[in-house]
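Below, each chain spelled out in residue letters.
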Amino acid sequence: MNVYQLDDMSWEYQFGEKSLNANTLKELEVLVSLYGLKWSRLDDKLASESVKRDKLNQTGFLNVYIKPTSKGYVWCYRGSDLTSASLEVLKKKVLKEGLEWKVVDAELANESFSTDLKKFSKMLF
């Protein structure tokens with residue numbers, strides 16, 4: 001199957017000259033099945049690595065993803081150039097631009113904020 005992770009950490013399923021896109025692999029799998037297309041694993045090891053990458057990049061916020069950098073990572077907002085080393089700062093930027101800031105998974109969102117706070121508390125001490 002032709003599934004690729006894009007630069008914005010979303011996923012693309014290619015079939016012929018067309019493609020379907022989704023923010024997570026699970027969303028993509030559902031979308032593919034809704035279109036009546038086949039979802040199968042050709043390489044179990046590669047599929048497992050993709051699932052791990054996808055899980056690590058779910059933040060609990062709509063359109064928010066983590067992008068690795070040479071100094072660690074930054075939080076990014078899909079469909080814009082907005083990025084920040086701080087999740088709280090990214091939230092302020094998103095709202096200032098009039099974009100939607102939505103929690104899609106409260107538990108995961110709390111974990112993301114907690115991870116973000118730990119990162120900055122280490123930098124201060």
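One structure accompanies this document, and this report is about it. Please read all numbers here as calculations on a predicted model, not as lab measurements. (Residues numbered from 1 in each chain as written. Predicted model: local features only at pLDDT ≥ 70, side-chain atom pairs only at ≥ 80, totals over all residues. Heavy atoms only, no water.)

1. Observations regarding a nonpolar patch on the surface
Part 1 of the reasoning: A cluster of nonpolar side chains, Val-30, Leu-34 and Tyr-35, forms an exposed patch at the surface whose accessible area comes to about 350 Å².
Part 2 of the reasoning: Mapped onto the secondary structure, Tyr-35 falls in the loop between α1 (25–34) and α2 (44–56). (Patch = residues over 30% accessible without salt bridge, like charges linked within 9 Å, V, L, I, M, F, W, Y side chains within 5 Å. Areas by Shrake-Rupley, 256 points an atom, 1.4 Å probe, with all protein chains shown as cover. Salt bridge = Lys/Arg side-chain N within 4 Å of Asp/Glu carboxyl O. Helix = DSSP H or I, 4+ residues; strand = E, 2+ residues; numbered from the N terminus.)

2. Notes on helix α3 (residues 87–96)
Part 1 of the reasoning: Taken as a whole, α3 has its buried residues at Leu-87, Leu-90 and Val-94. Down the axis of α3, the smallest arc covering the buried residues is 55°, so these residues share one side. Turned more than 90 degrees away from the buried face of α3 sit Lys-92 and Lys-96, all of them exposed.
Part 2 of the reasoning: The N-terminus of α3 is capped by Ser-86, whose side-chain oxygen sits 3.3 Å from the backbone nitrogen of Glu-88.
Part 3 of the reasoning: At the exit of α3 stands Gly-98, carrying a positive phi of roughly 75°. (Buried < 20%, exposed > 50% of the residue type's maximum accessible area, 1.4 Å probe, protein only. Arc of directions from axis to C-beta. Polar contact = N/O pair within 3.5 Å; in protein donor to acceptor, adjacent residues only side chain to side chain.)

3. Section: the layout of surface pockets
Part 1 of the reasoning: Reported here for the largest pocket is a volume of approximately 760 Å³.
Part 2 of the reasoning: Around the largest pocket, the lining comprises 29 residues; the ones closest to its centre are Trp-11, Leu-25, Ser-50, Val-51 and Asp-54.
Part 3 of the reasoning: Elements with a minimum of two residues in the lining of the largest pocket: β1 (3–5), α1, α2, β5 (72–77) and α4 (106–124).
Part 4 of the reasoning: The leading source of residues in the lining of the largest pocket is α2, at eight residues.
Part 5 of the reasoning: Residue composition of the lining of the largest pocket, grouped by class: 15 nonpolar, six polar and eight charged.
Part 6 of the reasoning: Taken as a whole, the second largest pocket encloses approximately 300 Å³ of empty space.
Part 7 of the reasoning: Lining the second largest pocket we find 18 residues, and of these Asn-23, Thr-24, Glu-27, Gln-58 and Val-104 sit closest to its centre. (1 Å grid on protein atoms, 1.4 Å probe; cavity = no way out; pocket = protein on both sides within 12 Å on 5 of 7 lines; lining within 4 Å. Points joined across faces, edges and corners; volume = space filled by probe spheres on them. Nonpolar A, V, L, I, M, F, W, Y, C, P; charged D, E, K, R; others polar.)

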